[in-house]
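Coordinate analysis (summary)
Here is what each chain is made of, one letter per residue.
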Amino acid sequence: MIGLQVAKVIESRHKDFAVGKHVIGFFGWRTHTIANGNIAPIPTHFPPHLVPEMGDLPMSLALGALGRIGNTAYFGLLKLCQPKAGEVVVVSGAAGAVGSHVGQIAHILGCKVIGFAGSEEKVKWLTEELKFDRAFNYRTTDVTEALKEAAPDGVDCYFDNVGGVMSSAVIHHMRQFGRIAICGSISSYNTKDGELVSAPMIQTSVVRKQLKMEGFIVSRWKDCWQEGIDQNLKWIQEGKLKWKETVTEGFENLPLAFIGMLRGDNVGKAVVKA
């Protein structure tokens, strides 16, 4: 089973991987790994200059706000959506690891931020702690009506983690020259191979409003990877960016944590401490 880890080197014959150091890699669900040092398409060392600067921050943030998650939010929003102060940014899956990070960056940049999440508890967390301007429970709220209320003049940027019917509704409510970054498609993750998920057509709005929509995988920015980590750390230290982890204790509980994440039980990043 695939999975990203922060792991501690306990034995080494590699000059770049000293015993006692930490590395990041797609080691999968396992307690021990033998690796040759060529582990992932992104930097595998935990940035050594960050360790003293992090202070009391947990090493697990290398999997979240100071790693792949944080950079997914940082580069996906800034490079593809290119939000400007005063614009309206909508985030689906807003209480997840990436979505909650995206919304906070948009807030830092001076945007109006609207999030959709799957429970009243998550909605409260987004508005009260993360300072989203508005947040809605998509399970109990009509997305179109929510957007008419919260963004009557339309949406400029949409960071899409969900796809499906919800995303069609957001796209139909966008303004001229809106930008859409497609990060994930949670609504289709449980479908069978080859099965198509039905959702309202978006082509009319894409053409009529001249929208730009692009999917991405964060490793495309591997050549400037450290930029995102450094900026996210700076925002955390300045108190502008908050992080949250749902931690499951015990290697044997990995399946329960994974199923819970897919069910939406986690708030922020789901982490297993083995």
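Definitions and limits used
Residues numbered from 1 in each chain as written. Predicted model: local features only at pLDDT ≥ 70, side-chain atom pairs only at ≥ 80, totals over all residues. Heavy atoms only, no water. Core = buried A, V, L, I, M, F, W, Y, C linked by side-chain atoms within 4.5 Å. Buried < 20%, exposed > 50% of the residue type's maximum accessible area, 1.4 Å probe, protein only. Helix = DSSP H or I, 4+ residues; strand = E, 2+ residues; numbered from the N terminus. Contact = heavy atoms within 4.5 Å. Phe/Tyr/Trp six-rings, centres within 6.5 Å; stacked < 30°, edge-to-face > 60°. Pairing = 2+ DSSP bridges. Axes fitted to C-alpha atoms, helices over the stretch in contact; angles between N-to-C directions. Patch = residues over 30% accessible without salt bridge, like charges linked within 9 Å, V, L, I, M, F, W, Y side chains within 5 Å. Areas by Shrake-Rupley, 256 points an atom, 1.4 Å probe, with all protein chains shown as cover. Salt bridge = Lys/Arg side-chain N within 4 Å of Asp/Glu carboxyl O. Expected span 1.5 Å × (residues − 1). pLDDT = per-residue confidence, 0-100.

Counting 41 residues, the largest nonpolar core has Leu77, Val89, Val102, Leu126 and Phe159 as its most contacted members. Elements supplying a minimum of two residues to this core: helix 2 (68-81), strand 3 (88-92), helix 3 (97-108), strand 4 (112-117), helix 4 (120-128), strand 6 (155-160) and helix 8 (225-237). Filtering out sequence-adjacent residues up to four positions away, Leu77 remains in contact with Thr72, Gln82, Pro83, Val89, Val102, Ile105, Ala106 and Phe159. Core analysis: the next-biggest nonpolar cluster, separate from the first, contains 22 residues, Val88, Val90, Phe136 and Val162 among them.

A separate point is unusual backbone geometry. Phi is positive for Gln82, close to 50°, though the residue is something other than glycine. By the secondary structure assignment, Gln82 is in the loop between helix 2 and strand 3. Positive phi, close to 55°, is recorded for Gln210, a residue that is not glycine. Among the structural elements, Gln210 can be located in the loop between helix 7 (203-208) and strand 8 (212-215).

This part takes up the environment of Thr246. With respect to the element layout, Thr246 can be found in strand 9 (residues 245-249). Accessibility expressed as a relative area gives 29% for Thr246, which makes it partly exposed. Separated by 20 residues in sequence, Thr246 and Asn266 place their C-alpha atoms 5.6 Å apart. When residues no more than four places from it in sequence are discounted, the contact partners of Thr246 are Asn266, Val267, Lys269, Ala270 and Val271.

Turning to the packing of aromatic side chains, a few remarks are in order. Within this structure, the stated rule accounts for seven aromatic pairs. For the ring pair Phe159 and Phe216, a centre distance of 6.1 Å and an interplane angle of 70° mean the geometry is edge-to-face. On the criterion of sequence distance, the pair formed by Phe159 in strand 6 and Phe216 in the loop between strand 8 and helix 8 is long-range, its members being 57 residues apart. The pair formed by Phe159 and Phe216 is uniform in burial state, with each residue classed as buried. Relative to Trp221, the ring of Phe216 lies with its centre 5.7 Å away and its plane at 55°, an arrangement referred to as tilted. You'll find Phe216 and Trp221 in the same group, each marked buried.

The next thing to look at is the environment of Leu57. Structurally, Leu57 can be placed in the loop between helix 1 (50-54) and helix 2. The sequence separation of Leu57 and Ala73 amounts to 16 residues, and the corresponding C-alpha distance is 19 Å. When sequence neighbours within four positions are dropped, the list of residues in contact with Leu57 reads Leu66, Leu233, Ile236 and Trp243.

By the alternation rule, side chains of strand 1 (residues 5-8) split into Gln5 and Ala7, which are all buried, and Val6 and Lys8, of which none is buried. The pairing of strand 1 with strand 2 (residues 22-25) spans four bridges and is classified as antiparallel. By the bridge assignment for strand 2, Lys8 is matched with His22.

In this section: the sheet that holds strand 6. The strand order 5-4-3-6-7-8 describes an open sheet built from six strands, whose pairing is parallel. Each end of this open sheet is capped by a strand with a single partner; those strands are strand 5 (134-137) and strand 8. Strand-to-strand twist of the sheet, defined as the mean angle between neighbouring strand axes without regard to direction, takes the value 15°.

Right, let's get into a nonpolar patch on the surface. A surface patch of nonpolar side chains, amounting to about 650 Å² of accessible area, comprises Met1, Ile186, Tyr189, Phe258, Ile259, Met261 and Leu262. By secondary structure assignment, the location of Leu262 is in helix 9 (residues 254-263).

Helix length check: helix 3 (12 residues) gives 17 Å between terminal C-alpha atoms against 16 Å at 1.5 Å per residue, within 8%. Where burial is concerned, most of helix 3 is hidden: 10 out of the 12 residues are buried. Looking only at helix 3, the buried set comprises Ala97, Val98, Gly99, Ser100, His101, Val102, Gly103, Gln104, Ile105 and Ala106.

When pLDDT drops low, the exact placement of atoms in the prediction is not to be read closely. Mean pLDDT over the protein chain stands at 90; residues scoring 70 or higher make up 93%. Low pLDDT, under 50, characterises residues 41-45; the predicted model gives this stretch 16 contacts beyond four residues in sequence or across chains.

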